[in-house]
Amino acid sequence: MPLQFVFFFRPLKPPAEKTFSTLSNTRAAHYHGVAMKTPTSVVAVLAALLLPLGVAAQAPSLAIHVDHPTAKVSPTLYGLMTEEINYSYDGGIYAELVHDRVVDSSWDGLSHWPSVTRGNSIAAVSVDLSTGPSAAIPRSLKVSVTSATKAVPAGVENDGYWGIPVRPNTTYSGSFYAKTDTAGVPVTIGLVNDQTGVAAAEATVTGLTAGWKQYTYTLKTAAVPVTSNNHLILTIPRPATVWFDLVSLFPPTYRGRKDGNRIDIMEKLAAMHPKFLRLPGGNYLEGEHIPDRFDWKKTIGPWLDRPTHMSPWRYRSSDGMGLLEYLQWCEDLNMEPVLAVYAGYSLAQQHVDPGPALEPYVQDALDEIEYVTGSTETRWGAERAKDGHPAPFPLHYIEVGNEDEFDRSGSYDGRYAQFYKAIKPRYSNLQIIATTPIKSMTPDVLDEHFYMTAEKSFSMANHYDTQDRGGPKIFVGEWATREGDPTPNLQAALADAAWLTGLERNSDVIVMESYAPLFVNVNPGGMQWPSDLIGYNALSSYGSPSYWVQVMFSGHLGTEVVSSTLANAATRVYESVTRDEKQRKLFIKVVNGTSDAQPLSIDIQGAGKISSPAKLVTLSGKTPNATNSIANPNALAPVESSIAVAGPKFKQTFAPYSINVLELSY
Ligand code: AHR
């Protein structure tokens, strides 16, 4: 499909700023006094005017009562949301280097598989719909070489995801399925530089026959320079026809998992201390049409059994990131899955009526839960063991669908209830998340999504302060301040942090939150949805300022919210305070969204002795537009410092445009 469809066809999408009916309940700040709505500069002018009249302006202050906890902090508050969007898996965290490793029947061209010819060699490349390596993959790449020699071989090449990264002294593991009409023809595989044509590594595979078979190879580089402008070639030295499919190449992966995840991106996620992974979407769960949904049974087992599928983000997913790979990703980062099950609604307003028609989908969800959690004695637990993971995975949350408020048929009430009634009696330990409010019952948890401008996020910092505690728990399963492209800038990060103080303060009711989208491949054509938390190309990745906010907040969580009152501070100054009684730690988060430094007199009551020095972590920049990028990945990063604390009462000034975490021991 032409690339412009990515941009022009997709927007069935909600607008940049998406709010829900609950947003109309936005209340005036009640934690923060009226005076905080006055900018610091205005406060100074007022002070100058009032002083001669003998009226003293009050100093900005933050009063904290450590001995007055107001809410428990959800230990699962910070997590991740993921889906195949912006080349998140293929061309992203899933470390496969070959683009379109499975030949797709719907191709109108072979954009990533041109022929390789040199000198007088001749090769023609086409898609052969009559033969493939398996029933699920019934087609292949036909490479017909009519003229070639050892000195001038011919074949096919792949350009990877905007290049193939080559690093020195590195071992790459590869494989492909192939058959030939000329038994014994050798295939040479090389990692070749686009400009010089020089191979950084080469290997030759022999033994091809008339039948489909898998071959493996290893490419080892020597002391070559680091580059991403490389491609993979598969050539033969004499006339013959070779059919290929599932051509694959992996670099070293996180924790050495076979066919696993990219190391740099996984390390960035680990630094976020995530407690859960909401998977597999998002719109990716739903698909544009019902057959395009995330059909989990077609994503498990050998690659040969995975037919691949079209994602709603207008490119085909290899399904290399299948259900088990998601679960292993969770395992590697010590997170629990929040498993979203397909619930009978796809984006093009296709739905399945509750009742008998929905039953197969409900059964699929039950099977999926069994695949994740069942013992090896169960049908699907045994399947998981066969796939290489006998131990069950922990699971506490199931989400029924995604954003079902967009289903104009109004069928969600009945669909949710049907899933609930089938799942809950069998798995009473599971919390079942609804994606929109329903009338027939109270769901265990409600998933609310917010895509906001900075202005909106700031104004929403108190949104949950008066949330009804008698209703369902809330999962803020998707949210972002969307300013900055491809990744959010400092203004967005400040607004994110302001919003997060509200989630944290109310985390007795907000059980989980996850920013979305998580990833973007920053190459031209890589992004379908700005702005995204972590950006990358083939070689490197970087965290946006919003990413650093998540790292800072989740790394200093605490176990209880304590009472805090901010007074006389500027507009756009926000705070939340938590403690960890066991560790005797206090975490004070202060967001200064203004261009002026914000001094605060901090008064900590009920803590006894406060140890000095304290730790201060600050993320700040000179302008709200300041940002990180692939070219300048570390322009903004948190800075840690030690500050002397005189006792329970001390003064601290917070930099302009800054997000701060003050960690004190008591
Ligand atoms: O995060 C991008 C998309 O926004 C998600 O796929 C969808 O759930 C939401 O509308």
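Scroll up for the structure.
As a starting point, this report considers the structure included with it.

Calculation notes
- Residues numbered from 1 in each chain as written.
- Predicted model: local features only at pLDDT ≥ 70, side-chain atom pairs only at ≥ 80, totals over all residues.
- Heavy atoms only, no water.
- Phe/Tyr/Trp six-rings, centres within 6.5 Å; stacked < 30°, edge-to-face > 60°.
- Helix = DSSP H or I, 4+ residues; strand = E, 2+ residues; numbered from the N terminus.
- Buried < 20%, exposed > 50% of the residue type's maximum accessible area, 1.4 Å probe, protein only.
- Lys NZ or Arg CZ within 6 Å of the ring centre and 35° of its normal.
- Core = buried A, V, L, I, M, F, W, Y, C linked by side-chain atoms within 4.5 Å.
- Contact = heavy atoms within 4.5 Å.

Examining the packing of aromatic side chains
Think of a pair of aromatic rings as described by two things: how far the centres are apart, and how the planes are tilted against each other in angle.
For step 1, the next point in the chain: Within the structure shown, the criterion is met by 31 aromatic pairs.
For step 2, the next point in the chain: Look at Y87 and Y161: their rings are 6.4 Å apart centre to centre, the planes differ by 55 degrees, and that puts the pair in the tilted class. Taken as a pair, Y87 in the loop between strand 2 (78-81) and strand 3 (115-116) and Y161 in the loop between strand 6 (154-158) and strand 7 (171-180) lie far apart in primary sequence, 74 residues in all. The exposure classification of Y87 matches that of Y161, with both residues buried.
For step 3, the next point in the chain: Here Y326 and W329 contribute two aromatic rings whose centre-to-centre distance is 6.3 Å and whose plane-to-plane angle is 10 degrees, an arrangement assigned as stacked. Highlighted residues: Y326 and W329, both in helix 5 (residues 323-332), separated by three residues, approximately one helical turn.
For step 4, the next point in the chain: A residue is classified by how much of its surface remains accessible, and Y326, at 0% relative accessible area, is buried.
For step 5, the next point in the chain: Through a chain of ring-to-ring contacts, the aromatic side chains of Y89, Y284, F294, Y326, W329, F519 and Y536 assemble into a single cluster.
For step 6, the next point in the chain: In this arrangement the basic side chain of K179 is found over the ring face of W243, its NZ or CZ atom lying 5.0 Å from the centre.

Notes on the nonpolar core
For step 1, the next point in the chain: In terms of nonpolar packing, the biggest core is built from 124 residues, with L269, W329, F419 and I659 touching the most fellow members.
For step 2, the next point in the chain: Counting residues per element, this core draws most heavily on helix 10 (residues 490-505), which supplies nine residues.
For step 3, the next point in the chain: Those residues in contact with F419 that sit more than four places away from it in its chain are V341, Y342, A343, L358, Y361, V362, A365 and V400.
For step 4, the next point in the chain: If you look at the next biggest cluster of nonpolar residues, it comprises 36 residues, including V205, L208, I236 and V247.

Side note on the environment of D67
For step 1, the next point in the chain: Its location among the elements puts D67 in strand 1 (residues 61-72).
For step 2, the next point in the chain: Sequence separation between D67 and S611 is 544 residues; the distance between their C-alpha atoms is 17 Å.
For step 3, the next point in the chain: If we ignore the near neighbours within four places in the chain, the residues touching D67 are R579, Q605 and G606.

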